[in-house]
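Chain by chain, the residues run as shown.
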Amino acid sequence: MEKPENEMTNQRRDFLKNAALGVAAAACGSAVCSCGKKEEKESGEKVVLLSPDGELVTIDSSHLRQVHKTVGVSREEARHGIPGRKFVMVIDLARCKNARKCVSACQKMHHLPEEKEWLQVRLMKDSPEAPPYWFPKTCFHCDNPPCVKVCPVDATFKRQDGLVLIDTERCIGCKFCMAACPYSTRVFNWSEPEQSAEVACLTYSPETSVPSKVGTVEKCDFCPDMARQGELPDCVTACPNGVFYFGDENEDVVTNGDETVRFSDIIKDRGGYRFAEELGTEPRVWYLPPKDRLFPVERGLEGLPDDIRNRYKDVLGE
Amino acid sequence: MMKISAAGNQVLKTFAPQMERTTLREKAWIAFLLCVIGVGIYALYLQITVGHTVTGMRDNVVWGIYIANFIFFIGISYAGAVISGFLHLLKIEWRKPIIRIAELITVIATIIGPLFILLCVGRLDRLHHLVLYARLQSPITWDVLAISTYLAGGVIFLYLASIKDFAIYRDSTDLHLSKWKRRVFKFLALNYHDTPSQERGIHVSMNLMALMIIPLAVIVHSVLSWIFGMTLRPGWHSTIFGPYFVLAAIYSGTGVLIIALYIFRLRYKLEAFILDKHFTYLGYIMLVLAAGYGYFTFSEYLTDWYGSEKWTGQLLKKLFSWNEYGGLFLFTNIAGIILPIFVVAVPALRKPKYLAMVSALMVLAMWVKRYLIVVPTLETPLLPIEDIRPEYIKYSITWVEWALTFSGIALFLLLFTIASKFMTLIPVSEISEMAEENIQTKES
Ligand code: SF4
């Protein structure tokens, strides 16, 4: 991609008060973008930014984009994983109130349109008598991944550090992995993905999963690009209730940003379990049962837009 | 000069006009087929340029009617593979008049089947990745290997069985062929002149191919079923899926063969060669297969239902309930199992006309069954769908998918029509070698 003369990149994080999200803003003139995407309208709202050379510049806010602050590693390197690591996630169901901050943070980080959710919050009810509870669901990055087994071209693969990633530049879009995944984790780009010209111009890496590509499969990637920077995935930091703990099984620690605990202890003390253990897929995501909950389940329905609330109709028996 | 018997000559005469020129009626027929295919090409163009959003497939039902068509076409290809392969090895004399039609069905259906799987692929521009990065663990790779070998086997078998005929067309003075056609036949006949060693060569290779094509056919439909069987989904993850699919394939192949024989007998007045007994014998084969298929179906659903696992139960509820797939499911069992058995079992109904009719119903039922294997399972994920977009909850076939489906059928018929311009639909050489008493010549 050509560089515009007055390009502004890498703004200071604190400047945008986005430190918690661990993202940086990059402004990139869409007019010079070589991807042939249509130009966006200016919003008329101006923002003052500090350029890397210490100058203050004013740009239109429509040119502001939050992007992964990292450039992903090469496609080849992304296949190996981060040496010595074994990523693991623990999700505390007792704390979730369907605030959906994880969903929007994930969408923002990966430039996903609103209807595309790599991370979903489901309302579960295990049996008619059982109480309903909120169930955030990421990709489980299984140790025995059914999706990886069936891929005919090795486009989706399992890494040393436990992650299951997709190389969407190799994927042929046969969707076999989607049929094979028992957790409905994967989403397909049925037509040209909705993303801005700047995003479409970014250099692709399986570690950032950006940009999306038509006719290929994508899913939650556990943000390994953030891990390389020593930072937590966005869903973890965005959650106001500390539901998500992310960490390393080798080091036996997980953290939700506020609290750092031993992975083995929290699983032992809180009765951690993996979803649908009987399938033998060996997920790397553990759940803590929704016991002594912080919020009643109804709290999660408050203020939900209708289209999202209606998803839960069947479970609520409405 | 190849020698042919009186009966052989009669076959040649029947098909000569067909091979010599194309009548207006045939041209209209071909034009009609091309129109249907044209609409399909437009639909394909939309699917490629607009995206797969023009189909009914979405994130839950990631495969739809295309995969059902794929299984269906590969299924009917068994008409030749097993009928002619098996009957050839058993040296069953009555097979001779019908093998050409059976083998043509095999080759043409095997060409068309894989086209449908390509329609499900999101990135046709990356098909070469299947070879470049082939992974042996994937059932799709098994399919690519098995189907390409099977197609090659089918073509070789058809070709070997046709060499003598090509030599006959080349030499025949009764056939008024255009120069280029005769040259084509001269080339295809490979200088065959009926010498004992040539004769033996063809005989031995035919036997070998027949031996090979049977296990190959079994492998093809088994690995095809394993695309489903290897996943963890209810209705798919079944140990009997391999044999179940193989049997279903032979069964539907037999049905299509009966229909084809009936149509060609009417169209070309082949009563002298395609006898009522052919229909009766094929009917018996169909009866045995129907019983076997019924047994597999019963065993599959009984086991699933009796075990009453929650996830499986959700699927069965859809298959058995009237407002979902109950009607279709019942149809597949009545038209696909009970009716064929009934029609063959009752002597008064065991007539070509009724057999052809019940075969048509059965073949349709088998197509519906494939649909019922693919779609309801995909609509029943482990975590119930929480979505409000109707197209993500329930699959419905769009006009694009229908257009491409009918194009596939049209292409099948078109290739058959083209083949009938280049060969007699009944092998002249085989008829010539048949004992006179097995043929009802016009005089008798
Ligand atoms: S859709 Fe892509 S990633 Fe999934 S199995 Fe097919 S090629 Fe592999």
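Quick caveat, the model's predicted, so the values are computed rather than measured.

Quick look at the overall build of chain A
1) Next: Helix and strand content of chain A: nine helices and 15 strands.
2) Next: Evaluated residue by residue, chain A yields a buried proportion of 59% over its 318 residues.
3) Next: With the model as given, the accessible surface of chain A reaches about 13,600 Å², and the carbon-plus-sulfur share is 49%.

So, the pairing of strand S6 (residues 120-124) of chain A
All names here are of chain A.
1) Next: Extensive coverage of S6 is indicated by the burial of four of its five residues.
2) Next: In this structure, S6 lies alongside strand S7 (residues 133-137), joined through five bridges in antiparallel fashion. In the sheet register, Leu123 faces S7, and the bridge partner there is Trp134.

Thoughts on the interface of chain A and chain B
1) Next: With 49 residues of chain A at the contact, the number on the chain B side is 43 residues.
2) Next: Surface buried jointly by chain A and chain B totals about 3,600 Å² across both partners, of which 59% is contributed by carbon and sulfur atoms.
3) Next: Looking at the side of chain A facing chain B, the largest losses of area belong to Ile172, Phe176 and Trp190 of chain A, adding up to 21% of the total buried there.
4) Next: Inspection of the chain A/chain B interface yields one salt bridge.

Some details on the site of the ligand
1) Next: In the region of the ligand, the neighbouring residues are Cys151, Pro152, Val153, Ala155, Thr156, Cys171, Ile172, Gly173, Cys174, Lys175, Cys177 and Val217 of chain A.
2) Next: When its residues are assigned to classes, the shell around the ligand shows nine nonpolar, two polar and one charged.

Examining the confidence of the model for chain A
1) Next: Residues of chain A with pLDDT of at least 70 account for 82%, and the chain-wide mean is 85.
2) Next: Considering only residues more than four positions removed or in separate chains, one finds that residues 1-34 of chain A, a stretch of pLDDT under 50, has 69 contacts.

Brief notes about a nonpolar patch on the surface
Residues and elements named next belong to chain B.
1) Next: Together, Trp29, Phe32, Trp402, Phe406, Ile409 and Leu413 make up an exposed nonpolar region whose accessible area comes to about 560 Å².
2) Next: When residues in the nonpolar patch are grouped by element, the largest group, four residues, is from helix H16 (residues 399-422).
3) Next: By the element assignment, Phe32 lies in helix H2 (residues 24-49).

Focus on the side chain of Ser209 of chain A
All names here are of chain A.
1) Next: Tracing the backbone shows Ser209 in the loop between helix H4 (197-201) and strand S11 (217-218).
2) Next: For Ser209, a relative accessible area of 12% gives the class buried.
3) Next: Side-chain polar atoms of Ser209 contact the side chain of Asp221, separated by 2.7 Å.

Regarding unusual backbone geometry
Residue and element names in this part refer to chain A.
1) Next: The residue after Val210, namely Pro211, is reached through a cis peptide bond having omega -5°.
2) Next: Turning to its location among the elements, Pro211 is positioned in the loop between H4 and S11.
3) Next: Within the chain, Cys223 stands out as a residue other than glycine whose phi angle is a positive 45°.
4) Next: A positive phi angle, near 55°, is found at Glu282, a position not held by glycine.
5) Next: Turning to its location among the elements, Glu282 is positioned in the loop between helix H7 (263-270) and strand S15 (285-288).

Some remarks on a negative patch on the surface
Residue and element names in this part refer to chain A.
1) Next: Residues Glu114, Glu115, Glu194, Asp306 and Asp307 make up a contiguous surface patch of negative charge.
2) Next: Inspection of the secondary structure puts Glu114 in the loop between helix H1 (101-109) and S6.
3) Next: Look at Glu114 and you get exposed, because its relative accessible area is 67%.

Some details on the pattern of salt bridges
Residue and element names in this part refer to chain A.
1) Next: If you walk through the whole model with that rule in mind, you get 37 salt bridges over all chains.
2) Next: In this structure, Glu207 engages Arg228 in a salt bridge whose closest nitrogen and oxygen atoms are separated by 2.8 Å. Taken together, the positions of Glu207 in the loop between H4 and S11 and Arg228 in helix H5 (residues 224-228) put the pair 21 residues apart, joining distant regions of the chain.
3) Next: Classification of Arg228 by relative accessible area gives partly exposed; the value is 33%.

Considering H7 of chain A
All names here are of chain A.
1) Next: For H7, every residue scored as buried is listed here: Phe263, Ile266 and Ile267. Viewed along the axis of H7, the buried residues span an arc of 100°, placing them on a single side of the element. Among the exposed residues of H7, those pointing more than 90 degrees away from its buried face are Lys268 and Asp269.
2) Next: In this structure, the buried residues of H7 make contact with strand S5 (87-92), strand S12 (244-248), strand S13 (253-255), strand S14 (260-262) and S15.

Parameters and conventions
- Residues numbered from 1 in each chain as written.
- Chains lettered and ligands numbered in written order.
- Predicted model: local features only at pLDDT ≥ 70, side-chain atom pairs only at ≥ 80, totals over all residues.
- Heavy atoms only, no water.
- Helix = DSSP H or I, 4+ residues; strand = E, 2+ residues; numbered from the N terminus.
- Buried < 20%, exposed > 50% of the residue type's maximum accessible area, 1.4 Å probe, protein only.
- Areas by Shrake-Rupley, 256 points an atom, 1.4 Å probe, with all protein chains shown as cover.
- Pairing = 2+ DSSP bridges.
- Contact = heavy atoms within 4.5 Å.
- Buried area = accessible area lost by both parts, 1.4 Å probe.
- Salt bridge = Lys/Arg side-chain N within 4 Å of Asp/Glu carboxyl O.
- Near = heavy atom within 4 Å.
- Nonpolar A, V, L, I, M, F, W, Y, C, P; charged D, E, K, R; others polar.
- pLDDT = per-residue confidence, 0-100.
- Patch = residues over 30% accessible without salt bridge, like charges linked within 9 Å, V, L, I, M, F, W, Y side chains within 5 Å.
- Polar contact = N/O pair within 3.5 Å; in protein donor to acceptor, adjacent residues only side chain to side chain.
- Lys, Arg positive; Asp, Glu negative; His and termini not counted.
- Charge placed at Lys NZ, Arg CZ, Asp CG, Glu CD.
- Arc of directions from axis to C-beta.

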